[in-house]
Each structure stands twice: as C-alpha cells, then as structure tokens.
Amino acid sequence: MSENRMRARELGIPLMGEPGPWNAITDVPGVEVGYVTLVEGDDVRTGVTALLPRGRDGVGTPCAAGWHSFNGNGEMTGTAWIEESGSLAVPVVITNTYAVGPVHRGVVEWVRAHCRGMAPEWLLPVVTETWDGHLNDIHGPAVRSRHAAAAIEAAGSGPVEEGCVGGGTGMRCYGFKGGSGTASRVVEYGEDRYTVGAFVQANFGARRELVVAGVPVGRELSGQVGAPDPEPTADGERPVPPGAGSVIVVVATDAPLLPGQCKALARRVTLGLARTGTTGSHFSGDLFLAFSTANPSALTSTFPEDDGSAPYESMRFVPWGRMDPFYGAVVESVEEAVLNVLTGAQSMTGRAGHHVPALPLDRVTELLTVRER
C-alpha cells in the first residue's frame, strides 16, 4: 500500500520566501527535468536523472556556470572545463556512483545523434553521482548508456516528481528514505522578477542531525522509527557510518549572472543544507553546480572560422553588490528541496532485505506543534 506522502508546504512546515508556480527548478524558463527509474526484483533500486538547462532544443547553447565542492568524496565530470570556460552547454545527469561511466557514454551518444553541430570533435559531459549501495546492487549492470538517453528524452517542464525517482531511487537522507527533490524562489530586482530554482539528489546526513524549520526533530526520532541508523548489514559487510552517502545540488536561475556569480550561488548551497542539520560527513561527496540561462549568445567556445574575422561577445549581469537576494533564494530553495525529498519519499526495501523507513510525517508535525507552543 502506498504511503500518504506530500510536499513540505502541504504538511504545514513554515518556510520563508515566495516560490514559483510549481515550486521547482522548472520554474526557471527553459529548464527541463527527466527521469528513468529502475526498480527490478530485490536488488535493483536505482536510476538516472537528466536536467536540461535550455531544454533539448537548447543543448549546445552555453549558460554561465560555476561549481563548488563542499566535500570532495564524490564525482562530477566536466568541472575542469566549467572552471576554465565558465560555461555549461550540455545536460547535467545524475545517477549512482558506479554508473557514471555508462551514463557518460550515453550522453555522448545522445548528443552525437541529436546535436551534430555541437563541437563534434569533442564533448565533456557533466555526470555526477551519489551512492545507493545500501538498497541497490551498485556493482550490477542495471544502469546502461541507453538510460541516459531515455532520461534526456523524458525531460520536460512543469511540476517535478519527487522522492524515490530517477537517480534518487535508492538513496537515504538523514537515516530515512531520500531521493530527488526541488524548490524555487522568486527574486524581485527593480521592475524585473527572476527565479532561482534548486534540484537535490539527497543521500546524506545522520538521523540525529535532522532539523526541520529550526526544530531538531532528529534527536527525538533517533532510534524510535524503523531500524537504527546505521542498519545491521549482511554477513561480511561493514556498516555504513551515519551521514555517509553524498548530496548533489543543481541551482538554476534566469537572472543574468557572470560565471563567478554562479560559483558564488553554488557556494551558498552549503548554507541551505546546513539549515536541515548536516555537519558535512567526511564520507559524503557534496558537490554543487549553478548556472544562469540569461545571455544565450555569450561564452561560446566553437572552433574559429577561417574568415579573418575577430568577433567580440558581451554579457549583461547583476552587479556584485546586488547579489544578496539571490544568495538568500538559494539557501531557502535548497532547504525546502531537501525537506521535499524527505516528506515525499516512501519507505523502501531493497538489496539483502535492507529496509529504509520514510520520515514519519505525523511525528514530525507533532514535534513542530510542540515547539510552537
């Protein structure tokens, strides 16, 4: 029987800021999200998530971009080129740790088939991961290159499904079922209104650390719900330390920003995660990427034409001294995206009979109500 799950705001959790219409990263015009979810037999609990900054038709058109590693115990391919060029022109694809290889190949194959004019001589996909080996047979070949293409083809705008879907299918968060989540904030800038959206693949945090709307609910829930954190493992397996796993966050905005300003947004992701209680485990790879869909004619890196011309590019951008509202939007949307993972994900049993309970919504509501009194 399916559990009655909902988003954090529907549960009545008090959250700051004005969200966009869908309260999702897809509130940023052009951004699309697609999933392939793989649940097979007892051992396969995994998948692939694709985020397209400008949709399928916009692959190859650069976005200003920057990335940040809060803790480098993880992988995000393509970051050397983002650091060098300040641009992102490919899909961002998220999966499990051992599936980076086939997914990377799948992105190359999809771009080659659909975007022949995009630097056909070379391509540096952005593929990133979190570890789902507790619920999923991570050594198995479940994720293939075709699943990357399928996730890209499935991408669309509008409301985004959350919880146990896509690359987040087999993940854990704060000792409860984790997965995929998103949120957004509207930022007013003079007469303009921009959107900042965050997407999270959450697989981090120890149960005792969890904080919801400023209330340390994890202290009350530790040892009281489901199996302990960490769970007992099968013979021969070492227990995974609480807080291990990783978190990937992608931030998007339509505000015109420089690459360095996108990098500054990526750094603020850490503060949004901290609001949910994490102290940043050594065993968690916490990698963040931010991009701006403004200035579509800038930051190109095509081979030069041998016609004697020497073109210039220009960019419009928010002054550095006016960035604070955008930083706040990142912090608020990341916090809410993590909570949407926890309130939306359902309990799951997977490899070797391992079971991960869902966050008990009734108990969380009770703890928040007691704190208000």
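Scoring rules and cut-offs
- Residues numbered from 1 in each chain as written.
- Predicted model: local features only at pLDDT ≥ 70, side-chain atom pairs only at ≥ 80, totals over all residues.
- Heavy atoms only, no water.
- Pairing = 2+ DSSP bridges.
- Helix = DSSP H or I, 4+ residues; strand = E, 2+ residues; numbered from the N terminus.
- Contact = heavy atoms within 4.5 Å.
- Axes fitted to C-alpha atoms, helices over the stretch in contact; angles between N-to-C directions.
- Buried < 20%, exposed > 50% of the residue type's maximum accessible area, 1.4 Å probe, protein only.
- Parallel < 35°, antiparallel > 145°, perpendicular 65-115°, else oblique.
- Left-handed = near helix turned anticlockwise from the far one by under 90°.
- Nonpolar A, V, L, I, M, F, W, Y, C, P; charged D, E, K, R; others polar.

Trainee: For the sheet that holds strand 9 (residues 179–189), give the residues involved together with the corresponding values.
Mentor: Taken in spatial order, the 6 strands of this open sheet run 4-3-12-11-10-9, and their pairing is mixed. Only two strands of the sheet have a single neighbouring strand rather than two, namely strand 4 (87–88) and strand 9. Along the sheet, helix 5 (residues 259–275) contacts strand 3 (63–72), strand 11 (247–253) and strand 12 (285–292); its crossing angle with strand 3, the most-contacted strand, is approximately 35 degrees. In the packing of helix 6 (residues 324–344) onto the sheet, contacts are made with strand 9, strand 10 (192–202) and strand 11, and the angle to strand 9 comes to roughly 155 degrees.

Trainee: Tell me about unusual backbone geometry, and please be specific about residues and values.
Mentor: Even without a glycine there, the phi angle at alanine 213 is positive, about 50 degrees. Examined against the element boundaries, alanine 213 turns out to sit in the loop between strand 10 and helix 4 (217–221). Here alanine 213 falls in the partly exposed class, since its relative accessible area comes to 27%. The phi torsion at serine 246 lies on the positive side, around 115 degrees, for a residue other than glycine. With respect to the helices and strands, serine 246 occurs in the loop between helix 4 and strand 11.

Trainee: Tell me about the packing of helix 5 against helix 6, and name the residues and values.
Mentor: Running from N to C, helix 5 and helix 6 cross one another at 45 degrees; their axes reach a closest spacing of 7 Å. Between helix 5 and helix 6, the angle is such that the two are oblique. The interaxial crossing formed by helix 5 with helix 6 has right-handed handedness. Listed contacts from helix 6 to Ala264, Leu265, Arg268, Val269, Leu271, Gly272, Leu273 and Arg275 of helix 5 are Phe326, Tyr327, Val330, Val331, Glu332, Val334, Glu335 and Val338. Class assignment for the residues of the contact of helix 5 with helix 6 results in 11 nonpolar, 1 polar and 4 charged.

Trainee: I'd love a proper account of the environment of glycine 344, names of residues and values included.
Mentor: With respect to the helices and strands, glycine 344 occurs in helix 6. Each C-alpha atom, one on glycine 344 and one on glutamate 161, is 9.0 Å from the other, the two residues being 183 residues apart in sequence.

All quantities given are derived from atomic positions and should not be read as evidence of function.
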